[in-house]
Amino acid sequence: SMVMLDEIVAALAAAEADRSVRAIVIAGEAPGFCGGHDLKEMTSHRTDGDGGRAYYEALFARCSEMMQMIVAHPKVIIAEVNGIATAAGCQLVAACDMAVAGASAQFGVNGINSGLFCSTPMVALSRNIGRKRAMELLTTGALMTAEEAMAAGIVNQVCADDDLAAVTGQLAAKLVERSQAVLALGKKAFYEQLEMPLDEAYRHTSKVIVDNMMMKDAEEGIGAFLEKRKPEWNDK
């Protein structure tokens, strides 16, 4: 719904401003992660004077803004997927930097089953998995199991449903121990270089790693490694 999109955007903005937040987990309440857009809400706007066009334009623009906010966010974001993640819900998982799924989770971009091609979800999906697999999912509406989603590249780990929060927490805990300044630098560079030709990507990342070497946390981290001690990051 538009309300949920607004709430996620607000939460992401608050987390970016809060220095105590060192990793972000997006999780859904049982029995599912996210089934996509609220079709009842969307249908209710058919009676608008323009047939709903202005609302649909605003809705999908807001959703696209939120998905891009996840990618551009300086902090690493993990999707914790319980149950179903379909259409824009699958898009949300694919937009996140990493994802952990319970064994019973299912994934799909199944709008085609309702006469709606998942055009916006395919942006994140096609940047996670191979073209032919993406087209199969988009055109057939088929669902993937958690294990299939991991094999396809949407999910990092699959665990027992009862262990989902703990396993996601363990992954997030690793991020908490890293330099936040370096993670932010690296995440930004990761997504930037994906869109570049090979030579441009190497030029860009060579500059990034030089900038990284000049940071206090790189000096501290390398020093700690050589001295066989735990680093004390500048941002803690």
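See above for the structure.
Residues numbered from 1 in each chain as written. Predicted model: local features only at pLDDT ≥ 70, side-chain atom pairs only at ≥ 80, totals over all residues. Heavy atoms only, no water.

### Looking at the nonpolar core
Core analysis: the biggest nonpolar cluster contains 46 residues, and Phe 33, Ile 70, Val 81, Val 93, Phe 107, Leu 125 and Ile 154 have the highest contact counts within it. Where this core is concerned, the elements lending two or more residues are helix H1 (2–17), strand S1 (24–27), helix H3 (53–72), strand S2 (77–81), helix H4 (88–95), strand S4 (98–102), helix H6 (131–140) and helix H7 (146–152). If one sorts the elements of this core by residue count, H3 sits on top with 8 residues. Aside from chain neighbours lying at most four places away, what touches Val 81 is Phe 33, Val 93, Val 100, Ala 101, Gly 102, Ala 105, Phe 107 and Leu 164. (Core = buried A, V, L, I, M, F, W, Y, C linked by side-chain atoms within 4.5 Å. Buried < 20%, exposed > 50% of the residue type's maximum accessible area, 1.4 Å probe, protein only. Helix = DSSP H or I, 4+ residues; strand = E, 2+ residues; numbered from the N terminus. Contact = heavy atoms within 4.5 Å.)

### Focus: the pairing of S2
In terms of residue burial, S2 counts as a mostly covered element, since 5 of its 5 residues are buried. In S2, alternate side chains face the same way, and those of Ile 77, Ala 79 and Val 81 on one face and Ile 78 and Glu 80 on the other are all buried. Two elements, S2 and S4, share 4 bridges in a ladder whose sense is parallel. Among the inter-strand pairings, Ile 78 is bridged to a residue of S4, identified as Met 98. (Pairing = 2+ DSSP bridges.)

### Details of H1
Counted at 1.5 Å a residue, the expected span for H1 with its 16 residues is 22 Å, and the 23 Å between its end C-alpha atoms agrees. Buried within H1 are the following residues: Met 2, Leu 5, Ile 8, Val 9, Leu 12 and Ala 15. Taken end-on, H1 shows its buried residues confined to a sector of 155 degrees, consistent with a single buried face. Relative to its buried face, H1 has exposed residues pointing more than 90 degrees away, namely Val 3, Glu 7 and Ala 17. Each element contacted by the buried residues of H1 is listed here: S1, helix H2 (39–44), H3 and S2. (Expected span 1.5 Å × (residues − 1). Arc of directions from axis to C-beta.)

### Comments concerning H4
Across the 8 residues of H4, 8 count as buried, placing the element largely inside the fold. Listed in full, the buried residues belonging to H4 are Ala 88, Gly 89, Cys 90, Gln 91, Leu 92, Val 93, Ala 94 and Ala 95.

### Things to note about the layout of surface pockets
Estimates place the volume of the largest pocket at around 780 Å³. Around the largest pocket, the lining is made up of 30 residues, and of these Val 71, Ala 94, Ala 95, Asn 128 and Tyr 191 lie nearest the centre. Where the lining of the largest pocket is concerned, the elements lending two or more residues are H3, H4, S4, helix H5 (121–126) and helix H9 (180–194). Ranked by residues supplied to the lining of the largest pocket, first place goes to H9 with 6 residues. A class-by-class count of the residues in the lining of the largest pocket yields 18 nonpolar, 8 polar and 4 charged. (1 Å grid on protein atoms, 1.4 Å probe; cavity = no way out; pocket = protein on both sides within 12 Å on 5 of 7 lines; lining within 4 Å. Points joined across faces, edges and corners; volume = space filled by probe spheres on them. Nonpolar A, V, L, I, M, F, W, Y, C, P; charged D, E, K, R; others polar.)

### Things to note about the packing of H1 against H3
The N-to-C vectors of H1 and H3 enclose an angle of 25 degrees; their axes lie 10 Å apart at closest approach. For the element pair H1 / H3, the angle class is roughly parallel. Seen from above, H1 lies across H3 with left-handed handedness. For the pair H1 and H3, the contacting residues are Met 2, Leu 5, Asp 6, Ile 8, Val 9, Leu 12 and Ala 13 in the first and Tyr 55, Ala 58, Leu 59, Arg 62, Cys 63, Met 66, Met 69 and Ile 70 in the second. Residue composition of the contact of H1 with H3, by class: 13 nonpolar, no polar and 2 charged. (Axes fitted to C-alpha atoms, helices over the stretch in contact; angles between N-to-C directions. Parallel < 35°, antiparallel > 145°, perpendicular 65-115°, else oblique. Left-handed = near helix turned anticlockwise from the far one by under 90°.)

### Observations concerning the sheet that holds S4
Read across the open sheet, the 4 strands follow the order S1-S2-S4-S7; overall the sheet is parallel. Both edges of this open sheet fall to S1 and strand S7 (157–159), since each of them pairs with a single strand only. The sheet shows a mean angle of 20 degrees between the axes of neighbouring strands, direction not considered.

### Structural notes on the environment of Met 42
The topology assignment puts Met 42 in helix H2. Separated by 14 residues in the primary sequence, Met 42 and Tyr 56 have C-alpha atoms spaced 7.5 Å apart. Met 42 has contacts with His 37, Tyr 55, Tyr 56, Leu 59 and Phe 60, leaving out every residue within four places of it along the chain.

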